[in-house]
Amino acid sequence: MPQLGLLHWRAWTVLLGQLRRPPGAVCIRAVRSHSQVAEALFTSQLKPHQEKSNFIIKTPKGTRDLSPQQMVVREKILDVVVSCFKRHGAKGLDTPAFELKEMLTEKYGEDSGLIYDLQDQGGELLSLRYDLTVPFARYLAMNKVKKMKRYHVGKVWRRESPTIVQGRYREFYQCDFDIAGQFDPMIPDAECLKIMCEILSGLQLGDFLIKINDRRILDGIFAVCGVPESKFHAICSSVDKLDKMSWKDVRHEMVVKKGLAPEVADRIGNYVQCHGGISLVEQMFQDPRLSQNKQALEGLGDLKLLFEYLTLFGVAEKVSFDLSLARGLDYYTGVIYEAVLLQTPVHAEEEPLNVGSVAAGGRYDGLVGMFDPKGHRVPCVGLSIGVERIFSIVEQRMKIFGEKIRTTETQVFVATPQKNFLQERLKLIAELWDAGIKAELMYKNNPKLLPQLHYCENMGIPLVVIIGEQELKEGIIKLRSVASREEVAIKRENLVAEIQKRLSES
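Residues numbered from 1 in each chain as written. Predicted model: local features only at pLDDT ≥ 70, side-chain atom pairs only at ≥ 80, totals over all residues. Heavy atoms only, no water.

As a reminder of what qualifies: UniProt positions are given in the numbering used here, feature names are shortened, and annotations may be inferred rather than shown by experiment.
The chain is annotated in an unreviewed UniProt entry as histidine--tRNA ligase of Muntiacus muntjak. Turning to the chain, the UniProt annotation filed under Sequence similarities (unreviewed entry) states: "Belongs to the class-II aminoacyl-tRNA synthetase family." Regarding the chain, the relevant UniProt record gives this comment under Catalytic activity (unreviewed entry): "tRNA(His) + L-histidine + ATP = L-histidyl-tRNA(His) + AMP + diphosphate + H(+)".

### What about the overall build of the chain?
The test is simple: Helix numbers and strand numbers start at the N terminus; a helix is a DSSP run of H or I with at least 4 residues, a strand a run of E with at least 2. The classification of residues rests on relative accessible area computed with a 1.4 Å probe and restricted to protein chains. Under 20% of the type maximum is buried, over 50% is exposed, and intermediate values are partly exposed. Working rule for contacts: check all heavy atoms of both residues, and any pair within 4.5 Å makes them a contact. Note that accessible areas follow from Shrake-Rupley with a 1.4 Å probe, and for residues the cover is restricted to the protein chains shown.
Scanning the chain for helices and strands turns up 18 helices and 16 strands. Taking all 506 residues of the chain together, 45% fall into the buried category. Considering only residue pairs separated by 6 or more positions, the chain has 68% of its internal contacts joining residues 24 or more positions apart. As presented, the chain carries roughly 27200 Å² of accessible surface, and 52% of it is formed by carbon and sulfur atoms.

### Quick notes on the nonpolar core
The condition that has to hold: Only buried residues count toward a nonpolar core. Its members are Ala, Val, Leu, Ile, Met, Phe, Trp, Tyr and Cys residues joined through side-chain atoms within 4.5 Å.
Counting residues in hydrophobic clusters, the biggest one holds 78 residues, and the most contacted among them are Phe-85, Ile-210, Phe-222, Ile-268, Phe-321 and Tyr-337. If sequence neighbours within four positions are ignored, Ile-210 has contacts with Leu-193, Met-196, Cys-197, Lys-318, Val-319, Ser-320, Tyr-337, Glu-338 and Ala-339. In terms of nonpolar packing, the next biggest core, distinct from the first, is built from 25 residues, Ile-115, Leu-140, Val-145 and Leu-329 among them.

### Digging into helix α12 (residues 294-313)
Short version of the rule: An expected span of 1.5 Å times one less than the residue number is assigned to each helix. Directions from the helix axis toward the C-beta atoms define the arc.
With 20 residues, α12 extends 29 Å between its outermost C-alpha atoms, agreeing within 8% with the 28 Å of an ideal straight helix rising 1.5 Å per residue. The set of residues buried in α12 consists of Ala-296, Gly-299, Leu-300, Asp-302, Leu-303, Leu-306, Phe-307 and Leu-310. Angular distribution of buried residues about the axis of α12 spans 165°; they occupy a single face of the element. In α12, the exposed positions angled more than 90 degrees off the buried face are occupied by Lys-294 and Leu-312.

### Description of the packing of helix α11 (residues 278-285) against α12
Stated formally: Whenever a helix is involved, its axis is fitted only over the stretch in contact; in every case the axis is a line through C-alpha atoms, and angles between N-to-C directions fall within 0 to 180 degrees. These descriptions rest on fixed angle ranges, namely under 35 degrees for roughly parallel, over 145 for roughly antiparallel, 65 to 115 for roughly perpendicular, and the rest for oblique. Handedness of a helix crossing follows the sense of rotation of the near helix relative to the far helix, less than a right angle counterclockwise being left-handed and clockwise being right-handed.
Running from N to C, α11 and α12 point in directions that differ by 155°, and their axes come no closer than 10 Å. One finds that α11 runs roughly antiparallel with respect to α12. You can see that α11 and α12 cross each other, and the crossing is left-handed. Counted together, Ile-278, Val-281, Glu-282, Met-284 and Phe-285 of α11 and Leu-297, Leu-300, Gly-301, Leu-303, Lys-304 and Phe-307 of α12 form the full contact between these two elements.

### Remarks on empty space enclosed by the protein
Rules: Lining residues are those with an atom within 4 Å of a point, where the points come from a 1 Å grid over the protein atoms alone and group into cavities, where a 1.4 Å probe fits but cannot get out, or pockets, open sets with protein on both sides within 12 Å along at least five of seven lines. Grid points are joined across faces, edges and corners, and a volume is the space filled by probe spheres set on the points.
Taken as a whole, this structure holds 2 cavities of 30 Å³ or more when the rule is applied. In this structure, the second largest cavity encloses a volume near 40 Å³.

### Comments concerning unusual backbone geometry
Positive phi values are uncommon outside glycine, yet Met-186 reaches one of about 70°. Here the phi dihedral of Asn-420 falls at roughly 60°; this positive angle occurs in a residue that is not glycine. A relative accessible area of 70% places Asn-420 in the exposed class.

### Examining the side chain of Lys-107
Rules: In protein, a polar contact requires one atom able to donate a hydrogen and another able to accept it; more generally it is a pair of N or O atoms within 3.5 Å, and residues adjacent in sequence count only if both atoms are side-chain atoms.
Within the fold, Lys-107 resides in the loop between α4 (101-104) and β3 (126-128). Separated by 3.1 Å, the side chain of Lys-107 and the backbone oxygen of Thr-105 make a polar contact.

### Observations concerning the pattern of salt bridges
What counts, and what does not: Each reported salt bridge corresponds to a side-chain nitrogen of Lys or Arg within 4 Å of a carboxyl oxygen of Asp or Glu.
All told, the structure shown has 28 salt bridges when counted by the stated rule. As a salt-bridge pair, Arg-150 and Asp-178 come within 2.5 Å of each other at their nearest N and O atoms. Placement of the pair is Arg-150 in strand β4 (residues 148-157) and Asp-178 in strand β5 (residues 171-180), with a sequence separation of 28 residues. The residues Arg-150 and Asp-178 share a single accessibility class, namely buried. Residue Glu-338 pairs with Arg-327 through a salt bridge whose shortest N-O separation is 3.2 Å. Taken together, the residues span a long stretch of sequence, with Glu-338 in strand β9 (residues 335-341) and Arg-327 in the loop between β8 (319-322) and β9 at a distance of 11 residues. Exposure remark for Glu-338: the relative accessible area of 7% places this residue in the buried category. By relative accessible area, which is 16% here, Arg-327 ends up buried. One salt-bridge network, held together by shared partners, links Arg-64, Arg-74, Glu-388 and Glu-395.

### With respect to the packing of aromatic side chains
Selection rule: Two rings from Phe, Tyr or Trp (for Trp, the six-membered ring) form a pair when their centres are within 6.5 Å of each other. A pair whose planes differ by under 30 degrees is stacked, one over 60 is edge-to-face, and the rest are tilted.
Counted under the stated rule, the structure contains 6 aromatic pairs. Between Phe-85 and Tyr-151, the ring centres sit 6.1 Å apart and the planes meet at 35°, which makes this aromatic pair tilted. Taken together, the residues Phe-85 in helix α3 (residues 68-87) and Tyr-151 in strand β4 connect sequence positions 66 residues apart. Centre to centre, the rings of Phe-85 and Phe-177 are 5.5 Å apart; their planes meet at 35°, and the pair counts as tilted. Taken as a pair, Phe-85 in helix α3 and Phe-177 in strand β5 lie far apart in primary sequence, 92 residues in all. This pair shows no difference in class: Phe-85 is buried, exactly as Phe-177 is. Put simply, the rings of Phe-85, Tyr-151 and Phe-177 pair up and form one aromatic cluster.

### Quick word on the pairing of strand β15 (residues 476-481)
Remember that side chains alternate between the two faces of the sheet whenever the strand is regular. For clarity, the cut-off: Any two strands are treated as partners once DSSP identifies two or more bridges connecting them.
The element β15 is largely enclosed, with a buried count of 5 among its 6 residues. Of the pairings in the sheet, the one linking strand β14 (residues 463-466) to β15 comprises 4 bridges and is antiparallel in character. From the neighbouring strand, Leu-463 faces β15, where its bridge partner is Ser-481. Two strands pair when backbone bridges link them, and β15 and strand β16 (residues 487-491) are joined in this way by 5 bridges, in the antiparallel orientation. Each residue of the ladder has a partner; that of Leu-479, found in β16, is Val-488. Where β15 hands over to β16, the hairpin turn is made up of 5 residues, of which Arg-485 adopts a positive phi near 65°.

Structure, rendered in C-alpha cells:
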C-alpha cells in the first residue's frame, strides 16, 4: 500500500467507517487514487452543510441583545440603583449562576415549575438560579453569617412565557438589597421601603404606589374565613392574581379549580378587596373576626409600627395597605410589598405602558433556617428592583423623543491634517492615556482631517487635539472645541493641564 499523507490517511479512516455503514448510507464503491478518496469524502460531507442555508440566526425565546445605546441607558439605571444601595451601607455580593437543584426546590411554591434544570454532566443535579434571594440565604447558612446588609446585581432565569413589550423575559437582571439579622421590629423593613421610594423617585418614572400587606394577616383572613390550613398556599396563590384578574375570575378559580366552598370564597372577597392607609389598619384591629386571630393581630401590630416609621421617613403617602397583595413565593413570612407605576404618563405624547410591578420584596425569617443543618434562623427582609421593566419604560420614552445617546465616554480625539504623522499621534495619545484622559485616534496611517472631525461630531467627542508639521516645528498643539469649532494654540508641555482644566469646567 503506498504512503499516505495525513489528510489522505484521515480520509481513508473516515471512508472505511462509511463502507461499514448499513444500506442507504454513503458508500464509495471504487477508489483509484488518494485524490479520489478526498474528493469522495468532500462530496459526501458537503450536503449537510448546504442544508444549513435555512438556518435562522436569532436569540433564544425570551432573551435579547442590547445595543451600545441600550447598554448606556441600562448602566445609568443600574448606577442610580447601586448608588442608593451603597448610600444605605450595603456590601456587594455575588453567587454562582447555577445552584444545586435541591437548594432551589420547594422554595417558590407554584412557580417552582419555572426553574431551568441543567442536564447532568458532572454528577450533580443543577438548576439556573430563579432569583437572588434563595442563593443569599444559602450563602448565609453555609458561611454561618448572622448579620449582613448586602446588595447583588445579577442575571436570573425563568421558564415563563415572555412578554417583551411589558419587559418580561426568560433571562433578566435583578437588583437586590437585603438586611439579614435580628433587629428591633420594622426598622429594617421601613428602610427597605424608603430605599424603594428613593430609587423610583431618582429614576423619574412618574408617580408610583407601594402596596403593602403581611402574610400573617392573609393567613389570619384565610383561617377566620374557614379555609382549611392545607389550602392556605393554594388560595394565597389565587389571591396573588388579583392584580391581573377580576375578583369574579379569582373566585371562580378558588371554587372550581381549588375546591373551596363558595361561602368561604365570598368571605375572603370581603377582605381582599379592601385597601387604604393607617386608618384601614385600625379598622382591621376592630374587625370582629380578624381581631380574634393571634397571627393577624401580630401582623397588624407590625404594620401600625411600620406606618409610624414611614411617616418619619417622609414616604407614608406613597404606601397603601392592600389586602389583595399576596406575593406568591412560599418563603415570605411577614411584611410584603410591591411597587407599581400609576398609569398617568409623564409626558402627553407617552402611551401608558402596563409593565406590572417595578419593585417588590418582603420579610423571610425562615428561609436561612431551611439550609442550616440545625435549623438556626436568621431573620431577613429585602427588596428587588425590576430593571428590565424599568428599562422598557425608558426605552419607550427614548423612541418618542428621539433622544441621542452617547455610546462612548471619549473626551479627546487626536487628529492630524497631514501624512506621515502616525508616530507623533501615537506618542501624543499615550501621553493623554497616561494622564487618565479618555482619548481616541483613527486607525489609519494617513487619515484626512475632515473625516476625523466628522467622527468627533457624530460621537459627541468635545475636544480635538491637532498636530502637524507647523505645530511640531513650533512646539505647540492646536486644541479645538468641537461644538464651537474654535481653535487655540497650546504649548506642548501645557496640553494635559489645559485639557484637564476644560474638562473640569464642562
